[in-house]
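Okay, here's what each chain looks like letter by letter:
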Amino acid sequence: RHRGQRAQAEEAAREYIRKEPQNWYSHSTLGFFYGNTGQPAKAIAPFEEAVRLKPDHLPNLWNLVGSCDAAGEREKCGHWALVALPYFERHLKLHPDDEVRRVEDALLLLWSGRTDEAHAAAMKLTNLKDGSSLYNTACLFGKLGDRPEALRTFCKAIEEGFRDIRHLKQFLTDEKEGILSRQG
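Reading the values: the criteria
- Residues numbered from 1 in each chain as written.
- Predicted model: local features only at pLDDT ≥ 70, side-chain atom pairs only at ≥ 80, totals over all residues.
- Heavy atoms only, no water.
- Helix = DSSP H or I, 4+ residues; strand = E, 2+ residues; numbered from the N terminus.
- Buried < 20%, exposed > 50% of the residue type's maximum accessible area, 1.4 Å probe, protein only.
- Contact = heavy atoms within 4.5 Å.
- Areas by Shrake-Rupley, 256 points an atom, 1.4 Å probe, with all protein chains shown as cover.
- Lys, Arg positive; Asp, Glu negative; His and termini not counted.
- Charge placed at Lys NZ, Arg CZ, Asp CG, Glu CD.
- Axes fitted to C-alpha atoms, helices over the stretch in contact; angles between N-to-C directions.
- Parallel < 35°, antiparallel > 145°, perpendicular 65-115°, else oblique.
- Left-handed = near helix turned anticlockwise from the far one by under 90°.
- Nonpolar A, V, L, I, M, F, W, Y, C, P; charged D, E, K, R; others polar.
- Salt bridge = Lys/Arg side-chain N within 4 Å of Asp/Glu carboxyl O.
- Phe/Tyr/Trp six-rings, centres within 6.5 Å; stacked < 30°, edge-to-face > 60°.

Participant: Any chance you could explain the overall build of the chain here in plain terms?
Facilitator: Within the chain one finds 10 helices and zero strands. In the chain, the order of α-helices and β-strands from amino to carboxyl end is α-α-α-α-α-α-α-α-α-α. Overall size of the chain, expressed as C-alpha extent along the three principal axes, is 50 × 35 × 30 Å. For the chain, buried positions account for 42% of its 184 residues. Contacts in the chain between residues far apart in sequence, at least 24 positions, make up 46% of those at least 6 positions apart. Entry remark: accessible area of the chain is about 10,200 Å², with carbon and sulfur atoms responsible for 52%. Placing the 27 positive and 27 negative side-chain charges of the chain at their respective mean positions leaves the two points 3 Å apart.

Participant: I keep staring at the packing of helix α1 (residues 6-19) against helix α2 (residues 24-36) and nothing clicks. Help me out?
Facilitator: How two helices sit against one another is set out by the angle between their axes and by the gap between those axes. Two numbers describe how α1 lies on α2: the axes approach to 8 Å, and their chain directions differ by 160 degrees. The angle between α1 and α2 places the two elements in the roughly antiparallel class. The two elements α1 and α2 cross, and the hand of that crossing is left-handed. Note on element contacts: α2 touches α1 through Y25, S26, H27, T29, L30, F33 and Y34, opposite R6, A9, E10, A13, R14, Y16 and I17. The class makeup of the residues in the contact of α1 with α2 is eight nonpolar, three polar and three charged.

Participant: Got a minute to help me understand the pattern of salt bridges in this structure?
Facilitator: If charged atoms from side chains of opposite charge come close, those side chains can pair. Following the criterion strictly, the structure yields 10 salt bridges and no others. Between R18 and E11 there is a salt bridge, and its shortest N-O distance comes to 2.2 Å. The class for R18 is partly exposed, based on a relative accessible area of 48%. Here R52 ties to E49 by a salt bridge, and the two come within 2.5 Å at their closest N and O atoms. With R52 and E49 both in helix α3 (residues 40-53) and three residues apart, the pair spans about one turn of that helix.

Participant: Hey, could you run me through the packing of aromatic side chains in this one?
Facilitator: Working definition: an aromatic ring pair is given by the centre-to-centre distance plus the angle between the planes. All chains considered together, the criterion is met by eight aromatic pairs. Seen from their ring centres, W62 and F88 are 6.5 Å apart, and the 55 degrees between their planes marks the pair as tilted. Here the residue W62 occupies a position in helix α4 (residues 58-70), and F88 occupies one in helix α5 (residues 74-94), the gap between them amounting to 26 residues. Accessibility classification places W62 together with F88 in one group, the buried group. One aromatic cluster is present, built from ring pairs that chain together Y135, F154, F162 and F171.

Participant: What is the right way to read the packing of α4 against helix α6 (residues 99-111) from this model?
Facilitator: As a packed pair, α4 and α6 sit with axes 12 Å apart at the nearest point and diverge in direction by 45 degrees. Comparing the axis directions of α4 and α6 gives the class oblique. Of the two elements, α4 crosses α6, and the hand of that crossing is left-handed. For the pair α4 and α6, contact is made by L58, P59, W62, V65, G66 and D69 and by R101, E104, L107, L108 and W111, respectively.

Below is the structure:
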């Protein structure tokens, strides 16, 4: 994939599944390929199979929910977010300082329709120290429609070292995801 040989990369992932159909990682590999080549709708089925084979694997759950969201599959996104939440909550009880999973948990609350809880969880994340986690929290505020908090948290992300220019521009300008481009 990194060499631009997408067809060969996809075939290699499919061959992995043919050789090891009961290995969750083989299905996850194909889902990851689709997710990273801008094909989120195609990523859903492989991630669903990976989750069926290993239901407590947080990255597979997260990638499945994210693929459903990116593909515009709202009903599936909500369903899988509800499935994932107990696993993420259990993880956070054991690892309360895991900033990445705390942000993901708040997004799962949003995707499962629990917007008030998602906003309350996001408010608890505004003092994080990791720029990437703060950036993702800013995006969460944007999805929740809290533009002032989204911008405040976005600035904190930059102060804490977030420097991914593509994502910074996207946050500010993208019509689908952008905060400043929205009316209101």
